[in-house]
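Residues per chain, in single letters:
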Amino acid sequence: MAGSHHEEEQLGKLYDARAARRLIRYLGPYRRLVVIALGLTIGLNLVRQIGPLLTKWAIDWYVKPASDGVLEKTTAFNGVLMIAGAYVGSLVFILIIGYFQDVLLNTIGQRVMYDLREEIFGKLQSIEVSFFDANPVGRLITRLTTDVDSLNELFTSGLVEVLGDIVLIAGALGMMFYFNWKLAIVSLLVVPLLIAVTSWFRRGAREGFRRVRTKIARLNAFTQEHISGAQTVQLFNREEKAMAEFSRINTDHRQANIDTIFYYAVFYPLVNLISAVGIAAIVWYGGGQVIQNAITIGTLVAFLQYTQRLWQPIQDISDKYNVFQAAVVASERVFRLLDTPDGIQSPASAWQPEHGARARGHIEFRNVWFAYKDEDWVLKDVSFTVDPGESVALVGHTGSGKTTITNLLMRFYDIQRGQILLDGVDIRQWDLTRLRENFAIVLQDIFLFSGDIAGNIRLGNRITEDRVEWAAREVHADGFIDKLPERFATKVRERGAGFSVGQKQLISFARALAFDPRILVLDEATSSIDTETEQLIQQAIERVMVDRTSIIIAHRLSTIQRVDKIIVLHKGEIREMGDHQSLIAQRGIYHKLYQLQYREQKDLLRGTFSD
Amino acid sequence: MKAQTSFPTGGAWLRHYLKKYRGTLLIGTLYVLGSVTFGVFVPRFVGLAIDDLRTTGVSYDKLLRSVVLIVGTSIVSGLFLFLQRRTLINMSRYIEYDLRQDFYSHLQKLPLDFFQNNRTGDLMARATNDLSAVRQVVGPAIMYSEQTLFRVLIILPIMYQISVKLTLILLLTMPFVSLTVKYFGHLIHIRFEKIQEFFSDITARAQENLTGVRVIRAYAQEEFERRQFAMLNHEYVERNLGLVRLSAVFRPLMQFFIGLGFAAILLVGGREAALGHMTIGEFAAFNLYLEQLIWPLIAMGYVTNLVQRGTASLKRMHQVLAVEPAIAETTDQITLPEIKGKIEFRNLTFRYRPDLPTVLEGIDLVIEPGRTVAFIGRTGAGKSTLMNLIPRLIDAEPGMVLIDDTPIGRISLRQLRENIGYVPQETFLFSETLAENIAFGMRNGAPPEEIERTSEIAGLADDVREFPENWQTVLGERGITLSGGQKQRTAIARAVIRQPRILILDDSLSAVDTYTEEKILSQLRGIMRGRTSLIVAHRISTVKDADLICVIDHGRIVERGTHSELMALDGIYADLYERQLLEEELAAT
């Protein structure tokens, strides 16, 4: 807590100017709107200060002469009417211009936010996959949401309101000095006092709030933990102790709040008092000036009103400091993300395949070494080839490197040594999109997007309704889809909740088939499914494998027995390679794996154990 | 504490707390009255001073008197203002404290299934956001209401005395300020909530995109995803601008109505003053009075919205308070002189809800004190459910579960749980020190040697000695993260240190390697001599030495016997054994 606060402060100082300049650049496209908004703000706030001036005129020109009997009553009345009319006119002006100014400012703010969010999201689409291994999704979401919002604060309320406040202050001061500079100085005598009190209050309240926030965090953490662990608390008869601890934190929290209330309780009365002293000073000195006929009564009344109108903007400005700080810190975080290099990218001059985009599907791993981190080799000197249309099964224990091979094929990561070739060309020379378009993957943990079933099969591609239905039919997903009330238009909730594992797999097979890839990458699910669905999935796998190169991380006997080649991985190395019969004959690792698998399958059919 | 569920509504519940602080409330109200009364004099004195200036031959003395009166009354009023805040807002913090205290205390008594059916996030929202909305009602809302009421009650007669006509005109225009605040405040709040909802849609969508990054890249869907996001982004901006178009009317309109009040004073007051019906001082005072009324009028609209939100929040909190602790102590409960540890399941059938299928069916099993019984079976077979019945985390029908031949529901909950050491499937540790976590179930804590000895038994001690501050090492976010195996062993130590009559290990060694497991089990056998142990496991190595092994499948005991008996049976158990043997061989390759 203390550490991060410190860090944020440092960042703020270092980054202020540079981040601010970069932020301003986002206003570039809306230059014209910005200029108009600033113009409106200045005009608006100048008009806002017109009231006291009108009051002064009304008193000096009409009311006082009339009550002194110097001026005709009807003339006076007409004069007052005119001034009141002008005042109402200014009100209408403020109403209309105020509306437009507010809308305009927010429009600019929203547009900039739109651009920023789009840029961040775009960045997240192009940055290499390994970035997501190091950065939790939650944190990235914060960049996209909370951080962008605090920048919005800066654009809509921060900068412009400060400008408005400055105009308000300048307007009031200008008038006061114009009327009578001596009285102006006397009325401003209390301003340093006000600033001192305000800054005392800010410091105290800020410190208080920090304490309150710490206590709230503590309180929330405790509550959250004890809701999650309610069962444990009850099992171990800890209710009373937990309650006692909770009371202690709760008391701390209350006390921190009460300490903070003190600052408020002192501040507001003090500001009122200072303002009363200001009024008294004007009455005293201004009164004397009136007596000496140096100023008019109207001026005195106008002065009383103008000083009242100084307090609010002065306090507002000091309020804004926090908004600025928060925005700078947020912008720093956002910019750091935007500045992260994309990592794996298409080469500047990508290799052009001869016959359009589609690859033949020849794959070669040539002495591939790979580690996710440093020298923790996950693959050691792995070499193999897969001919177009051939099917290969990768088998091996968890952690043997099977999934890594599929990740490398699609260039989610770059290898450290060796080469991976598609159609004889190093995949690093392929255009990334071109390369990946040749693959369709079906992952073990099936990922469905929220939307509908058809959308999950076609994703963003222009695949016709007919083809979607055809693909579903081919993999026998139509069986359950047809039973759904809205068939292909059936809603899919987040992560496919509500669909069984088997159904999700069938949908993803349909997706793979609809895309008609050259190469199928399949990570078979290990989870048990009922026998009937199991058969459907078996058929679906066979169907999708037809006429294309297939690389399968296999768990099913039937799949393994059907492929052209089996590669046995053990601790990152290829230990055995060949077809089922020859590997069984070797009586090596594969033989053992097979026996194990065989038993599991047997159990599965008997409907007992599977884990 | 028990009384809280006896409040039929949230309102009754809240009034209970207000009643407790009625003395404070009364004093606070008097302070409000004081600060308003004295504050009201300032404009009057300013007006009088101005009028004095008009009478010829005014002296500085008279001027000085006005100045002293202005400052003097301000000081008194400020003093009351200080006391008012200290009293009323402090009171609201005390009420907040009480509410939170009772809310938490209630939460703590709720049964397992309540926490399974309610997301932690939702409960947290009630304990934080809703609670704070309720506090706003008993604090600021009360204070501002009183302030407004007194100001209007005191200023109006004074204004009325100065000019009847002007007062009536202001009375006609000023309520518009409150109405504007109330009307727009409400609308803005609703729209804002809708935007928040949409915002969480965008968040969910982005989350989905980032979580599914591999699928998206593999199918080259980045462009499509970008377009999809742009659409949502656009919609979000539009909705926000919709709110802006509403809120942009709000402030200018409010200022407009306030301005109209001043215009009325200027016009009517100016005329009255010109006609000599009122003095220029009174005219100026009127302006100042109106300034004093503006904030309370704005506050009125603001307060009604606070109350609206607070009421909704109160209802949400009350919903939780209305949930009865399902597993309650009944009146006919007894405390046994001693629990020996005999467990019996008598034709036990269990389902979580009447409309759900049975989880356990026809379980008949008697476990004599001191026996070790193991349960093995696949995920979802019902093993954990069976274990949960013993410490009454869930309840079966009366008479189906007995301990020491007494139906479990008749034994006091406290005594029952005190005699059970439970190591659940998912280890939950608290962000405290390791020592505190181990001594979690000891009412008076435990001496360090005891904690160390128990850690030794649980196979944890060697690991702990590696930690920076040994047993004083803090766990969780603020401290170190334990590995899965270390967590499990901590949980074992936590259960064992209670020296329970019944020890339940619910798949508690799954993240521990077989060698360590062997060691822990043999040490446990030592200290569990004469005590009852129930072990749920997936690995044969964990269960093979048990006095009795029960194979559970689809909620029934399908095989039972010792290891050699079950091997001879050549059923599910024997098959599982062979498979695990093969796996071990493979791992050793």
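Residues numbered from 1 in each chain as written. Chains lettered and ligands numbered in written order. Predicted model: local features only at pLDDT ≥ 70, side-chain atom pairs only at ≥ 80, totals over all residues. Heavy atoms only, no water.

### A word on the overall build of chain A
Counting its regular elements, chain A contains 21 helices and twelve strands. Whereas a compact globule of 611 residues would reach a radius of gyration of roughly 25 Å, chain A reaches 37 Å, over 25% beyond that. Principal-axis analysis of the C-alpha atoms places the extent of chain A at approximately 125 × 65 × 50 Å. Approximately 26,800 Å² of chain A is accessible, and the part contributed by carbon and sulfur atoms is 54%. Put simply, chain A has 68 plus and 68 minus side-chain charges, and the middle of one group is 5 Å from the middle of the other. (Helix = DSSP H or I, 4+ residues; strand = E, 2+ residues; numbered from the N terminus. Rg over C-alpha atoms; globule rule 2.2 N^0.38 Å. Areas by Shrake-Rupley, 256 points an atom, 1.4 Å probe, with all protein chains shown as cover. Lys, Arg positive; Asp, Glu negative; His and termini not counted. Charge placed at Lys NZ, Arg CZ, Asp CG, Glu CD.)

### Details of the overall build of chain B
When helices and strands are tallied, chain B shows 21 helices and ten strands. Rg of the C-alpha trace for chain B: 36 Å, well past the compact-globule value of 25 Å for 589 residues, more than 25% over. Each principal axis of the C-alpha atoms in chain B carries an extent, and together these give about 120 × 65 × 50 Å. In chain B, which comprises 589 residues, the share counted as buried stands at 57%. Residue pairs at least 24 apart in sequence account for 77% of intrachain contacts in chain B once pairs closer than 6 positions are excluded. For chain B, the computed accessible surface area is about 25,400 Å², with 57% contributed by carbon and sulfur atoms. (Buried < 20%, exposed > 50% of the residue type's maximum accessible area, 1.4 Å probe, protein only. Contact = heavy atoms within 4.5 Å.)

### Quick notes on the side chain of Q101(A)
Along the chain, the position of Q101(A) falls in helix 4 (residues 73–126). Discounting chain neighbours no more than four positions away, the residues touching Q101(A) are A37(A), L40(A), T41(A), L44(A) and V160(A).

### Looking at the pattern of salt bridges
Residues and elements named next belong to chain A. Under the counting rule described, the total for this entry stands at 36 salt bridges over all chains. Between D60 and K56 there is a salt bridge, and its shortest N-O distance comes to 3.2 Å. In this pair, D60 and K56 are both assigned in helix 3 (residues 51–68), four residues apart and thus about one turn of the helix distant. Both residues of the pair, D60 and K56, belong to the buried class. The salt bridge involving R248 is made with D252; its shortest N-O contact spans 3.8 Å. Of this pair, R248 and D252 both sit in helix 10 (residues 239–291), four residues apart, roughly one helical turn. Overall, the relative accessible area of 44% leaves R248 in the partly exposed class. When its relative accessible area of 29% is taken as the criterion, D252 is described as partly exposed. (Salt bridge = Lys/Arg side-chain N within 4 Å of Asp/Glu carboxyl O.)

### Some remarks on the confidence of the model for chain A
Residues and elements named next belong to chain A. On average, residues of chain A score 80 in pLDDT, and 90% of them are at 70 or above. Mean pLDDT in chain A bottoms out at helix 1 (residues 2–25), which sits at 58, and peaks at helix 2 (residues 31–48), which reaches 90. Below a pLDDT of 50 lies the segment residues 1–12, which in the model reaches six contacts outside its immediate sequence neighbourhood of four places, other chains included. Per-residue pLDDT stays below 50 along residues 604–611; that stretch engages in 27 contacts with residues further than four places along the chain or on separate chains. (pLDDT = per-residue confidence, 0-100.)

### Observations regarding the environment of I83(A)
Along the polypeptide, I83(A) turns up in helix 4. Using a relative accessible area of 6% as the deciding quantity, one classes I83(A) as buried. Considered as a pair, I83(A) and G51(A) are 32 residues apart in the sequence and their alpha carbons are 9.9 Å apart. Residues in contact with I83(A), not counting those within four places in the same chain, are L54(A), W57(A), A58(A), Y62(A) and L266(B).

### What to know about the packing of aromatic side chains
Across all of its chains, the model carries 40 aromatic pairs over all chains by this definition. Centroid distance W61(A) to Y62(A): 6.3 Å. Interplanar angle 85°. Geometry classified as edge-to-face. Residue W61(A) is classed as partly exposed on the basis of its relative accessible area, which comes to 45%. Residues F222(A) and Y104(B) carry aromatic rings whose centres are separated by 5.9 Å and whose planes lie at 50° to one another, so their mutual orientation is tilted. Of the two residues, F222(A) is situated in helix 8 (residues 191–228) and Y104(B) in helix 4 (residues 60–108); the pairing between them involves two chains. Grouping residues by exposure puts F222(A) and Y104(B) together as buried. A cation sits over an aromatic face here: R22(A) above F335(A), 4.0 Å from the ring centre. The side chain of R271(B) reaches across the aromatic face of F77(A), ending 4.7 Å from its centre. (Phe/Tyr/Trp six-rings, centres within 6.5 Å; stacked < 30°, edge-to-face > 60°. Lys NZ or Arg CZ within 6 Å of the ring centre and 35° of its normal.)

### What to know about the sheet that holds strand 11 (residues 565–570) of chain A
Residues and elements named next belong to chain A. Pairing in this open sheet of six strands is mixed, and the strands run 6-9-10-3-11-12 from one edge to the other. With one partner strand each, in any of the chains shown, strand 6 (439–442) and strand 12 (573–578) form the two edges of the open sheet. Taken pair by pair, the neighbouring strands of this sheet meet at an average axis angle of 15°, ignoring direction. Here strand 9 (residues 519–523) pairs with strand 10 (residues 549–553) via five bridges, running parallel. Paired with L520 across the bridge in strand 10 is S550. Across the sheet, helix 12 (residues 402–409) touches strand 3 (391–395), strand 6, strand 9, strand 10 and strand 11, and the angle it forms with strand 10 is around 145°. Each of strand 6 and strand 9 is contacted by helix 17 (residues 501–515), which is oriented at about 175° to strand 6, the strand it contacts most. (Pairing = 2+ DSSP bridges. Axes fitted to C-alpha atoms, helices over the stretch in contact; angles between N-to-C directions.)

### Some words on the side chain of S77(B)
All names here are of chain B. The topology assignment puts S77 in helix 4. Looking at S77, its side chain comes within polar contact range of the main-chain oxygen of S35, at 3.2 Å. Those residues in contact with S77, other than ones at most four positions away along the chain, are S35, F38 and G39. (Polar contact = N/O pair within 3.5 Å; in protein donor to acceptor, adjacent residues only side chain to side chain.)

### Thoughts on the sheet that holds strand 2 (residues 360–367) of chain B
Strand pairing in a sheet relies on backbone hydrogen bonds. The paired strands run either parallel or antiparallel. Residue and element names in this part refer to chain B. Spatially, four strands are ordered 2-1-4-5 in an open sheet, and the strand pairing comes out antiparallel. Edge positions in the open sheet fall to strand 2 and strand 5 (406–407), since each of these has one partner strand only. With five bridges connecting them, strand 1 (residues 343–350) and strand 2 associate as antiparallel partners. Within the sheet, the bridge partner assigned to I343 lies in strand 2 and is I367.

### A look at the interface of chain A and chain B
Counting from both sides, the interface comprises 150 residues of chain A and, opposite them, 138 residues of chain B. For the pair chain A and chain B, the summed buried surface comes to about 13,500 Å²; carbon and sulfur atoms form 67% of the total. Remark: the boundary between chain A and chain B carries two salt bridges. Measuring nitrogen to oxygen at the nearest pair gives 3.2 Å for the salt bridge that ties E240(A) to R414(B). Between the two partners, chain A and chain B, sit 25 residue pairs in polar contact (both at pLDDT 80 or more). With 32 residues, the single largest contributor to the side of chain A that touches chain B is helix 10 of chain A. Along the lines of polarity and charge, the residues of the side of chain A that touches chain B split into 76 nonpolar, 42 polar and 32 charged. (Buried area = accessible area lost by both parts, 1.4 Å probe. Nonpolar A, V, L, I, M, F, W, Y, C, P; charged D, E, K, R; others polar.)

### Examining the packing of helix 8 (residues 175–211) of chain B against helix 11 (residues 280–321) of chain B
Residue and element names in this part refer to chain B. As a packed pair, helix 8 and helix 11 sit with axes 7 Å apart at the nearest point and diverge in direction by 35°. Helix-helix and strand crossings are classified by hand; for helix 8 and helix 11 the assignment is right-handed. The residues of helix 11 that touch helix 8, namely those facing V177, S178, V181, K182, G185, H186 and H189, are L297, I298, M300, G301, Y302, T304, N305, Q308 and R309. (Left-handed = near helix turned anticlockwise from the far one by under 90°.)

### A few points about the domain arrangement of chain A
All names here are of chain A. Under the domain assignment, chain A is made up of domain 1 (15–180 + 314–342) and domain 2 (181–294). Placing a centre on the C-alpha atoms of domain 1 and another on those of domain 2 gives a separation of 26 Å. Each side of the interface is counted separately: domain 1 has eleven residues, and domain 2 has 17 residues. Roughly 1,000 Å² of surface becomes buried between domain 1 and domain 2 when both sides are summed, with 60% attributable to carbon and sulfur atoms. Joining domain 1 to domain 2, the criterion identifies zero salt bridges. At the junction of domain 1 and domain 2, the tally comes to three residue pairs in polar contact (both at pLDDT 80 or more). Those elements that provide at least two residues to the side of domain 1 that touches domain 2 are helix 6 (137–179) and helix 11 (297–339). At six residues, helix 11 tops the list of elements feeding residues into the side of domain 1 that touches domain 2. (Domains from an automatic or database assignment.)

### Describing the nonpolar core
In this structure, V112(A), V46(B), I50(B), I70(B) and L107(B) are the most contacted members of the largest nonpolar core, which totals 177 residues. When residues in this core are grouped by element, the largest group, 19 residues, is from helix 11 of chain B. In this view, I50(B) contacts I297(A), L300(A), V301(A), L304(A), I280(B), G281(B) and A284(B); residues no more than four positions away in its chain are not counted. Ranked by size, the runner-up nonpolar core spans 90 residues in total, among them A359(A), V442(A), A454(A) and F480(A). (Core = buried A, V, L, I, M, F, W, Y, C linked by side-chain atoms within 4.5 Å.)

### Structural notes on the pairing of strand 6 of chain A
All names here are of chain A. Alternating residues of strand 6 divide into F439 and I441 and A440 and V442, and every residue in both groups is buried. Pairing between strand 6 and strand 9: four bridges, direction parallel. For A440, the partnering residue across the bridge sits in strand 9 and is L520.

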